[in-house]
Amino acid sequence: MLPFLSFCLLLPLDLLIHRITQAFSTIPDFTDWVVAAMLVLVYSAIALPIGFWSGFLKVDVQTSGRTIAGVLAGCLLSPGITEELFFRVLVLPHPGENVSGLMLWFWGGASLALFVVYHPLNALTFYPIGRSTFMNPVFLLLATILGVACSIAYLLIGSIWPAVALHWLAVTAWLLLLGGYRRLYG
């Protein structure tokens with residue numbers, strides 16, 4: 001997280017505050033949610049075959065009410081809101097900034113690189129229980145694809161909420177239905 005904070009210090013504070021305000025206050029309309037749903041479908045169509053083919057994903061449904069409630073609520077905050085705030089809102093230009101296509105590619109690449117590298121760094125420092133999972137090449141590929149989908153959602157819509165919903169849905173489905181909980185917690 002330290003390299004990310006250093007990176008954010010390169011941007012003016014007023015720009016960061018503006019991005020946060022715009023991202024949280026932009027309310028998606030029906031069309032925006034349709035776009036987000038399409039991104040969920042595209043992500044699923046890519047991630048599920050890769051995950052099942054590689055053996056990284058397995059149908060493993062969690063049935064404990066306490067586990068389900070904890071994952072649903074916990075994943076909304078982290079990784080949902082926190083990671084989208086850090087890796088999309090603070091790094092990517094808000095659509096209202098009208099930056100050039102070249103700058104969008106630059107910041108999109110930076111955002112994606114930070115997002116992907118964050119996971120193994122997090123496992124090496126603050127979340128050692130996730131070390132084998134967060135360093136797994138299939139996990140990193142699926143995280144990369146998810147990062148692209150969330151970036152597209154944010155850049156098209158300008159609101160944090162569809163990207164949070166997409167991220168939250170992917171992580172909760174993995175944890176509660178596709179073996180993620182057992183992979184992380186045994």
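Residues numbered from 1 in each chain as written. Predicted model: local features only at pLDDT ≥ 70, side-chain atom pairs only at ≥ 80, totals over all residues. Heavy atoms only, no water.

1. Considering the side chain of H119
The criterion, for reference: Secondary structure follows DSSP: runs of H or I at least 4 residues long count as helices, runs of E at least 2 residues long count as strands, and numbering of each begins at the N terminus. Any residue under 20% of the maximum accessible area for its type is buried, any over 50% is exposed, and the rest in between are partly exposed; the area is computed with a 1.4 Å probe on protein chains only. Only heavy atoms matter for contacts: two residues are in contact if any of them lie within 4.5 Å across the pair.
Residue placement: H119 occurs in helix 5 (residues 101–125). Residue classification places H119 among the buried positions, given a relative accessible area of 6%. Once residues lying within four places of it in the same chain are set aside, the contact partners of H119 are E83, F134, F139 and L140.

2. Quick notes on a nonpolar patch on the surface
Operational definition: Patches were defined on residues exceeding 30% relative accessible area and lacking a salt bridge, with like-charge contacts within 9 Å and nonpolar side-chain contacts (Val, Leu, Ile, Met, Phe, Trp, Tyr) within 5 Å. Each accessible area value is a Shrake-Rupley result obtained with a 1.4 Å probe; residue values ignore everything except the protein chains displayed when judging cover. Any carboxyl oxygen of Asp or Glu within 4 Å of a side-chain nitrogen of Lys or Arg constitutes a salt bridge here.
A grouping of L48, F52, V59, V61 and L177 is seen on the molecular surface, where their side chains present a nonpolar patch of about 440 Å² in accessible area. Position of L48 among the secondary structure elements: in helix 3 (residues 30–54). L48 sits in the partly exposed class, given a relative accessible area of 34%.

3. Some points on the packing of aromatic side chains
Basically, it comes down to this: Each Phe, Tyr or Trp ring (for Trp, its six-membered ring) is paired with any other whose centre lies within 6.5 Å, and the angle between the two planes then decides the class: stacked below 30 degrees, edge-to-face above 60, tilted in between. Criterion for a charge above a ring: Lys NZ or Arg CZ within 6 Å of the ring centre, and within 35 degrees of the ring normal.
Tallying each qualifying case throughout the model produces ten aromatic pairs. Note on F87 and F115: the rings are 5.6 Å apart at their centroids and 70° apart in plane angle, and the pair reads as edge-to-face. With F87 in helix 4 (residues 65–89) and F115 in helix 5, this pair connects stretches of sequence that are 28 residues apart. Here F87 and F115 have matching classes, each one buried. With centroids separated by 5.2 Å and ring planes inclined at 55°, the aromatic side chains of F87 and Y118 adopt a geometry described as tilted. Of this pair, F87 sits in helix 4 while Y118 sits in helix 5, placing them 31 residues apart in sequence. When sorted by exposure, F87 lands in the same class as Y118, which is buried. Between R88 and the ring centre of F115, over which it is positioned, the NZ or CZ distance is 4.5 Å.

4. Some remarks on the environment of C75
Here C75 shows up in helix 4. Judged by its relative accessible area of 6%, C75 falls in the buried class. Distance from C75 to L175, taken between C-alpha atoms, is 9.6 Å for residues 100 residues apart in sequence. Leave out the neighbours within four places in its chain, and C75 touches G70, G80, W168, V171, T172 and L175.

5. Focus on helix 5
Counted only if it meets this: Multiply 1.5 Å by the residue count of a helix minus one, and that product is the helix's expected span. Working definition for bend: take the seven residues up to and ending at a residue and the seven starting at it, fit an axis to each, and measure the angle between the axes.
Across its 25 residues, helix 5 extends 35 Å between first and last C-alpha, which sits within 8% of the 36 Å expected from 1.5 Å per residue. Along its length, helix 5 shows its largest kink, about 30°, at Y118, and proline P120 lies within four residues downstream of that point. Those residues of helix 5 that fall on the buried side of the exposure criterion are W107, G108, A110, S111, L112, F115, V116, Y118, H119, P120, N122 and A123.

6. A closer look at unusual backbone geometry
Cis geometry is adopted by the peptide bond preceding P79, which originates at S78 and carries an omega value of 25°. Secondary-structure assignment places P79 in helix 4. Despite not being glycine, N98 shows a phi value in the positive range, around 50°. Along the polypeptide, N98 turns up in the loop between helix 4 and helix 5.

7. Looking at the environment of L177
Assignment of secondary structure puts L177 in helix 8 (residues 160–177). The class of L177 is partly exposed, set by a relative accessible area of 43%. Discounting chain neighbours no more than four positions away, the residues touching L177 are K58, V59, D60, V61 and T172.

8. Details of the state of the cysteines
For clarity, the cut-off: The term disulfide is used for any two cysteine sulfur atoms that are within 2.5 Å.
Scanning all chains against the criterion turns up zero disulfides. Note on C75: no disulfide assigned, nearest cysteine sulfur contributed by C150 at a separation of 13 Å.

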